[in-house]
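Below are the chains, spelled out letter by letter.
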Amino acid sequence: MVTPSVRIREIDLLRALAIVLMTLFHAIFDAAEFYGADVSYTGGVWYYTGRLSAILFLLTSGLSATLGSHSLRRGLTVLTAGLLVIAVTYWFSPASFVIFGILQLIGTSMLTYPLLRRLPPPLLALLAIAVWLAGVSLQGVTAASLYLLPFGVTPPFFSSLDYYPLLPWYGFFVAGVLLGKVCYPARQPLLAHLPDRRLLTGLEWLGRHSLLIYLIHQPVLLLLFASFMPVL
């Protein structure tokens, strides 16, 4: 028997927070790269804003996988969207287009969920830590082959607009699966009495349509910048 998917409001809100942080980070990136704004996105608060957004996306993807019944189908959908992003960014910036970005990472991670479904929480915790440590140990390692890109081993002088390899970032998806098993064993919300306020409802809508927002937010940001800021 297939268990129906469950929507839990606080998870949608967490995903909405990820979207807000992602949009802020990309607004800073666009302002710096295309309009000469004197702001850094490679370190400091804005760098960590982007990283926190990615971590929240991965955690909520793992959480949602434990509550849903279509991880394979959703994973393929996200991967397809990721291929679209690769094509568009290659056309826009062939020297540093997106390759194994956050969508490829999330889609691939979702496809692996059937392998994680039956693992007990202690093993999931060990796997998440092992993946992270493996990724940290590979930082700075290079190889000529492009086939190792998904695992965090890049060619010399590699550049990409968005790069999130399985090692170490897959560890956060596994951590999300762990949280789903520990925090939602009965598939019921932890915050059962969230108020039905307009702001929360709007944020939940963002969280429920995160893939669509991801695909359109950069064109919208660039259009807004082009409308209100002169190109330097």
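The rules behind each value
Residues numbered from 1 in each chain as written. Predicted model: local features only at pLDDT ≥ 70, side-chain atom pairs only at ≥ 80, totals over all residues. Heavy atoms only, no water. Salt bridge = Lys/Arg side-chain N within 4 Å of Asp/Glu carboxyl O. Helix = DSSP H or I, 4+ residues; strand = E, 2+ residues; numbered from the N terminus. Buried < 20%, exposed > 50% of the residue type's maximum accessible area, 1.4 Å probe, protein only. Contact = heavy atoms within 4.5 Å. Core = buried A, V, L, I, M, F, W, Y, C linked by side-chain atoms within 4.5 Å. Axes fitted to C-alpha atoms, helices over the stretch in contact; angles between N-to-C directions. Parallel < 35°, antiparallel > 145°, perpendicular 65-115°, else oblique. Left-handed = near helix turned anticlockwise from the far one by under 90°. Nonpolar A, V, L, I, M, F, W, Y, C, P; charged D, E, K, R; others polar.

## Remarks on the pattern of salt bridges
In step 1: Evaluation of the coordinates by the stated rule reveals four salt bridges.
In step 2: For the salt bridge of Glu204 with Arg208, the shortest nitrogen-to-oxygen distance reads 3.5 Å. Placement of both Glu204 and Arg208 in helix α8 (residues 198-208) is noted, with a separation of four residues, approximately one turn of the helix.
In step 3: For Glu204, a relative accessible area of 6% puts it in the buried group.
In step 4: A relative accessible area of 40% places Arg208 in the partly exposed class.
In step 5: Residues joined by salt bridges that share partners form a network here, namely Arg9, Asp12, Arg15, Glu204 and Arg208.

## As for the side chain of His26
In step 1: Relative to the helices and strands, His26 resides in helix α1 (residues 9-35).
In step 2: By relative accessible area, His26 is classed as buried at 17%.
In step 3: When residues no more than four places from it in sequence are discounted, the contact partners of His26 are His217, Gln218 and Leu221.

## Concerning the nonpolar core
In step 1: Grouped together as the largest cluster of nonpolar side chains are 38 residues, with contacts concentrated most on Ile102, Leu105, Leu116 and Phe173.
In step 2: Counting only elements with at least two residues in this core, the list comes to α1, α2 (44-67), α3 (71-92), α4 (102-111), α5 (113-116), α6 (121-137), α7 (166-183) and α9 (210-228).
In step 3: For this core, the element with the most residues is α7, which contributes eight residues.
In step 4: Not counting residues up to four positions away in its chain, the partners in contact with Phe173 are Leu58, Ser61, Gly62, Ala65, Ser109, Met110, Thr112, Tyr113 and Leu116.

## Description of the packing of α3 against α4
In step 1: Where α3 contacts α4, the two axes come as close as 8 Å, and the packing angle between them is 160 degrees. The angle between α3 and α4 places the two elements in the roughly antiparallel class. Here α3 and α4 pass one another in a crossing that is left-handed. Note on element contacts: α4 touches α3 through Leu103, Gln104, Ile106, Gly107, Thr108, Met110 and Leu111, opposite Ser71, Leu72, Arg74, Gly75, Leu76, Val78, Leu79, Ala81, Gly82, Leu83, Val85 and Ile86.
In step 2: Its residues placed into classes, the contact of α3 with α4 shows twelve nonpolar, six polar and one charged.

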